[in-house]
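Understanding the architecture of this molecule
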Amino acid sequence: MTTPDQGVEFGWQKGHWDAQLAASNGTAGGAATSNGKQSSAQLIWVDARWRLGTAANYNNAALAGRKSAWGLFGGLKTGPIAWLGEADLVDDRSLPAAA
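Basis of the calculations
Residues numbered from 1 in each chain as written. Predicted model: local features only at pLDDT ≥ 70, side-chain atom pairs only at ≥ 80, totals over all residues. Heavy atoms only, no water. Helix = DSSP H or I, 4+ residues; strand = E, 2+ residues; numbered from the N terminus. Buried < 20%, exposed > 50% of the residue type's maximum accessible area, 1.4 Å probe, protein only. Contact = heavy atoms within 4.5 Å. Polar contact = N/O pair within 3.5 Å; in protein donor to acceptor, adjacent residues only side chain to side chain. pLDDT = per-residue confidence, 0-100. Pairing = 2+ DSSP bridges. Patch = residues over 30% accessible without salt bridge, like charges linked within 9 Å, V, L, I, M, F, W, Y side chains within 5 Å. Areas by Shrake-Rupley, 256 points an atom, 1.4 Å probe, with all protein chains shown as cover. Salt bridge = Lys/Arg side-chain N within 4 Å of Asp/Glu carboxyl O. Phe/Tyr/Trp six-rings, centres within 6.5 Å; stacked < 30°, edge-to-face > 60°.

Regarding the overall build of the protein
In terms of helices and strands, the protein carries zero helices and six strands. When the helices and strands of the protein are listed from N to C terminus, the series reads β-β-β-β-β-β. A burial count over the protein gives 17% of its 99 residues as buried.

In structure tokens form, the structure reads like this:
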């Protein structure tokens, strides 16, 4: 990872379920601020032949602008080949409005 961040991550696994929650300062290695923390979450159903999951990320950076992303992903194993797919929706409020 080229821009490490400071934070905490918790994971949980039970049966086919796998989940992670993370919170960090959201400054990509820069100085921490009292606001604008980053939150991430992921939930996956994992089976021997397939998996399906969802992920979300929100970074409320006061000076750089808000960024959020949501994803849906899956995989299927057919013999020696693993098929992977992902669809994402990103809302980046840090970019200037188009003229």
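Digging into the environment of W83
Relative to the elements of secondary structure, W83 occurs in strand β6 (residues 81-92). By relative accessible area, which is 52% here, W83 ends up exposed. Each C-alpha atom, one on W83 and one on W50, is 9.1 Å from the other, the two residues being 33 residues apart in sequence. Apart from residues lying up to four places away in sequence, W83 is in contact with G74, G75, L76 and T78. Reaching out from W83, the side chain makes a polar contact with the side chain of T78 at a distance of 2.7 Å.

Side note on the confidence of the model for the protein
Of all residues in the protein, 76% have pLDDT values of 70 or greater, and the mean over the chain is 85. Element-level pLDDT for the protein is lowest in strand β4 (residues 50-61), with a mean of 91, against a maximum mean of 95 in β6.

What to know about the pairing of strand β2 (residues 17-24)
Relative to β2, strand β1 (residues 7-14) is paired through eight bridges, and the arrangement is antiparallel. Bridge assignment links Q13 to a residue of β2, and that residue is D18. For β2 and strand β3 (residues 38-46), the ladder comprises eight bridges, and the chain directions are antiparallel. Bridging from a neighbouring strand, L21 pairs with A41 of β3.

Focus: a nonpolar patch on the surface
A surface patch of nonpolar side chains, amounting to about 620 Å² of accessible area, comprises W50, L52, L72, L76, I81 and W83. Inspection of the secondary structure puts W50 in strand β4.

Side note on the side chain of S68
Within the secondary structure, S68 is located in strand β5 (residues 65-78). Apart from the residues within four sequence positions on either side, S68 is in contact with N57, Y58, L89, V90 and D91.

Some remarks on the environment of K37
Tracing the backbone through its elements, the reader meets K37 in the loop between β2 and β3. Residue classification places K37 among the partly exposed positions, given a relative accessible area of 39%. For K37, the residues in contact, after removing those within four places along its chain, are S24, N25, Y58, N59 and N60.

Some details on the packing of aromatic side chains
Overall, the coordinates contain two aromatic pairs when judged by the stated rule. Considering the side-chain rings of W17 and W45, the 5.1 Å spacing of their centres and the 80 degrees angle between planes classify their relative orientation as edge-to-face. Of this pair, W17 sits in strand β2 while W45 is found in strand β3, placing the two residues 28 residues apart along the sequence. Take W45: its relative accessible area is 25%, and that puts it in the partly exposed class. By the ring-pair criterion, three or more aromatic residues cluster together here, those being W17, W45 and W50.

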